[in-house]
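Spelled out from the first residue to the last, the chains are:
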Amino acid sequence: QNSIIMFLASCFCVGALVEQAALTANRAVSGRRSGIGSVSAAILDTANVVGVPWETSVPEGVLERNTRGRPWVQQRSRPRRNRKSEAVRKMVRETVLTPANFIYPLFIHDESSNAVIASMPGCERHSLQSMVAEAKDAWQYGVRSFIVFPKVDDALKSNRGEESYNPNGIVPRAVSMLKEALPDSIVCTDVALDPYSSMGHDGIVEDGKILNDDTIEQLCKQSICQARAGSDIVAPSDMMDGRVGAVRDALDAEGFSDVSILAYTAKYASAYYGPFRDALDSHPGFGDKKTYQQDPANGREAYIEAALDEFEGADILLVKPGLPYLDVVLRLRQSTNLPVAAYHVSGEYSMLKAAAERGWLDERKVALETLLSFRRAGADIILTYYAKQASKWLVEDGLL
């Protein structure tokens, strides 16, 4: 009985070897017929025979074989062809990021030395002399636009923010210095009362409420003061109803029809502003800013604000914050022919910095990808604390 079993096993092994030899011969013949050649066919045969213990096969009919004997998906349109090399990728690139897209925010104070902003690594509160030096340094990398944000001494603050239109105040002096040092630069100025408010709010406070129209009167004075100092673009960030039209009329009446308005159109009551408020020491003295800044839950509401700002004479519409509101950037881009700006705010910047410091992210790559996302969403202009550094990276990478 054992002899019979051994004989049958031998026959089975011989039969398997004969069958495998026949299959190999058939593949070689097939390969020669299709122009592969016996050597290639043998290589393919080895690939099919030698494999991992769990090797399986693709069901018949799923994949064809091309004339080289390789798997072939019969698909004429292959998007990867437009990604096959860096030269091709550059040729078909839809979105381009350049220093011309940036506005560089600079924090300033009336001190002789700079102050580190702990919650914003890499940023400082500049003396006016240092502000000019920083702007000149950024200029060499292609940055042409700047916006200044002042930290105002508490002794100068009041509920009505009268210091905001003091012709000898820190912002008019900063604007004059920047325009003198860099005459071709674009200098922007923030229009709001919060840096000058003893209450820490963007408007005048009365009985716990923020007064809309009374605040606008102060904003008009502030805008005129900034225009007289040489501001190229005033940027109302206060979110009072009707302030864009009032500021436009005030500037025009004073002969400043060439001064542009960058309206903070969709400024949300966001938790991402914390480090910025540290930088200016402008946290609300009570409550929050939800009665005038937009609800983060609302997207369609931005259309209302955009329509009003455009009608009232805004030249640029801004969304703030940026990354959490790219959907709003896209909505405005699709609904207006005006330029759209996005603010890459302090919280977004500081999160990236913190992750990079811990080695969790490649700061250079992630920062540039982040800024590119604003452009892809439709932003023509980006306010970013990375303006100088990103421009330097773009130059170094030969992307300009």
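Below you will find a few notes about this structure. (Residues numbered from 1 in each chain as written. Predicted model: local features only at pLDDT ≥ 70, side-chain atom pairs only at ≥ 80, totals over all residues. Heavy atoms only, no water.)

1. Side note on the overall build of the protein
Then, number 1: Secondary structure assignment for the protein yields 13 helices and 14 strands.
Then, number 2: Split into buried and exposed, the 400 residues of the protein put 46% on the buried side.
Then, number 3: Pairs at least 24 residues apart make up 74% of the contacts formed inside the protein by residues separated by at least 6 positions. (Helix = DSSP H or I, 4+ residues; strand = E, 2+ residues; numbered from the N terminus. Buried < 20%, exposed > 50% of the residue type's maximum accessible area, 1.4 Å probe, protein only. Contact = heavy atoms within 4.5 Å.)

2. A few points about the pattern of salt bridges
Then, number 1: The final tally for this structure, using the stated rule, is 19 salt bridges.
Then, number 2: With a shortest N-O distance of 3.2 Å, E134 and K388 are connected by a salt bridge. Placement of E134 in helix α4 (residues 128–139) and of K388 in helix α13 (residues 387–396) is noted, with a sequence separation of 254 residues between them.
Then, number 3: For D202, the salt bridge identified is with K267, shortest N-O distance 3.9 Å. Taken together, the positions of D202 in the loop between β7 (186–191) and β8 (204–206) and K267 in strand β11 (residues 260–267) put the pair 65 residues apart, joining distant regions of the chain. K267 carries the same exposure label as D202, and that label is buried.
Then, number 4: Linked by salt bridges that have partners in common, D194, D202, K267 and K289 make up one network. (Salt bridge = Lys/Arg side-chain N within 4 Å of Asp/Glu carboxyl O.)

3. Description of a nonpolar patch on the surface
Then, number 1: Residues V58, V62, L63 and V73 make up a contiguous nonpolar surface patch of roughly 330 Å² in combined accessible area.
Then, number 2: By secondary structure assignment, the location of V58 is in the loop between α2 (38–49) and β1 (64–65). (Patch = residues over 30% accessible without salt bridge, like charges linked within 9 Å, V, L, I, M, F, W, Y side chains within 5 Å. Areas by Shrake-Rupley, 256 points an atom, 1.4 Å probe, with all protein chains shown as cover.)

4. Comments concerning the nonpolar core
Then, number 1: If you look at the biggest cluster of nonpolar residues, it comprises 98 residues, and the most contacted ones within it are F107, M131, Y264, Y343 and L383.
Then, number 2: Setting aside anything within four residues of it in sequence, one finds F107 in contact with I117, M120, E124, R125, H126, F149, F276, A279, L280 and Y385. (Core = buried A, V, L, I, M, F, W, Y, C linked by side-chain atoms within 4.5 Å.)

5. Brief notes about the pairing of strand β14 (residues 381–384)
Then, number 1: Of the two faces of β14, the one carrying I381 and L383 and the one carrying I382 and T384 are both buried.
Then, number 2: Note that strand β3 (residues 102–109) and β14 share 2 bridges and pair parallel. Paired with F102 across the strands is I382, a residue of β14.
Then, number 3: Pairing of strand β13 (residues 340–344) with β14, which is carried by 4 bridges, proceeds in the parallel orientation. From the neighbouring strand, A341 faces β14, where its bridge partner is I381. (Pairing = 2+ DSSP bridges.)

6. A look at helix α7 (residues 243–253)
Then, number 1: Regarding α7, the residues found buried are R243, V244, G245, V247, R248, A250 and L251.
Then, number 2: On the buried face of α7, the contacting elements are α6 (212–229), β10 (233–236), β11 and α9 (301–312).
Then, number 3: Positive backbone phi, at 90°, marks G255, one or two positions downstream of α7.

7. Brief notes about the pairing of β13
Then, number 1: With 5 of 5 residues buried, β13 lies mostly within the body of the structure.
Then, number 2: Burial along β13 is two-sided: V340, A342 and H344 and A341 and Y343, pointing in opposite directions, are all buried.
Then, number 3: With 3 bridges connecting them, strand β12 (residues 316–320) and β13 associate as parallel partners. Residue L317 lies in a different strand from β13, and its bridge partner there is V340.
Then, number 4: For the crossover from β12 across helix α10 (residues 326–335) to β13, the handedness is right-handed. (Right-handed = clockwise from strand over helix to strand, strands pointing away.)

8. Brief notes about the layout of surface pockets
Then, number 1: Of the voids in this model, the second largest pocket is the one considered here, and its volume is about 350 Å³.
Then, number 2: Surrounding the second largest pocket, K90, R93, T95, V96, L97, L368, E369, L372, L394, D397 and L399 form its lining.
Then, number 3: Among the elements that line the lining of the second largest pocket, the one with the most residues is helix α12 (residues 363–377), at 3 residues.
Then, number 4: Residue composition of the lining of the second largest pocket, by class: 6 nonpolar, 1 polar and 4 charged. (1 Å grid on protein atoms, 1.4 Å probe; cavity = no way out; pocket = protein on both sides within 12 Å on 5 of 7 lines; lining within 4 Å. Points joined across faces, edges and corners; volume = space filled by probe spheres on them. Nonpolar A, V, L, I, M, F, W, Y, C, P; charged D, E, K, R; others polar.)

9. Comments concerning the packing of aromatic side chains
Pairs of aromatic rings are described using the distance from one ring centre to the other and the angle between the two planes.
Then, number 1: With the rule as written, the count across this model stands at 11 aromatic pairs.
Then, number 2: Members of the aromatic cluster, connected to one another through ring pairs, are F107, F149, F276, Y343, Y349, Y385, Y386 and W393.
Then, number 3: The ring of W139 is capped by R144, whose NZ or CZ atom sits 3.9 Å from the centre of that ring.
Then, number 4: Lying over the aromatic face of Y273, K320 brings its terminal NZ or CZ to 4.8 Å of the ring centre. (Phe/Tyr/Trp six-rings, centres within 6.5 Å; stacked < 30°, edge-to-face > 60°. Lys NZ or Arg CZ within 6 Å of the ring centre and 35° of its normal.)

10. Side note on helix α5 (residues 170–181)
Then, number 1: An ideal rise of 1.5 Å per residue puts 16 Å on 12 residues; α5 measures up with 16 Å between its terminal C-alpha atoms.
Then, number 2: Those residues of α5 that sit buried are I170, V171, P172, A174, V175, L178 and K179.
Then, number 3: Close packing links the buried residues of α5 with β3, α4, β6 (145–151), β7 and α6. (Expected span 1.5 Å × (residues − 1).)

11. A word on empty space enclosed by the protein
Then, number 1: Under the counting rule described, the total for this entry stands at 1 cavity of 30 Å³ or more.
Then, number 2: Taken as a whole, the largest cavity spans an internal volume of roughly 130 Å³.
Then, number 3: Around the largest cavity sit 16 residues that line it, and D194, K267, F276, K289 and K320 are the ones nearest its centre.
Then, number 4: Breaking the lining of the largest cavity down by element, the ones donating at least two residues are β11 and α8 (274–280).
Then, number 5: A total of 3 residues in the lining of the largest cavity trace back to one element, the largest contributor, which is α8.
Then, number 6: Counted by class, the lining of the largest cavity contains 6 nonpolar, 3 polar and 7 charged residues.

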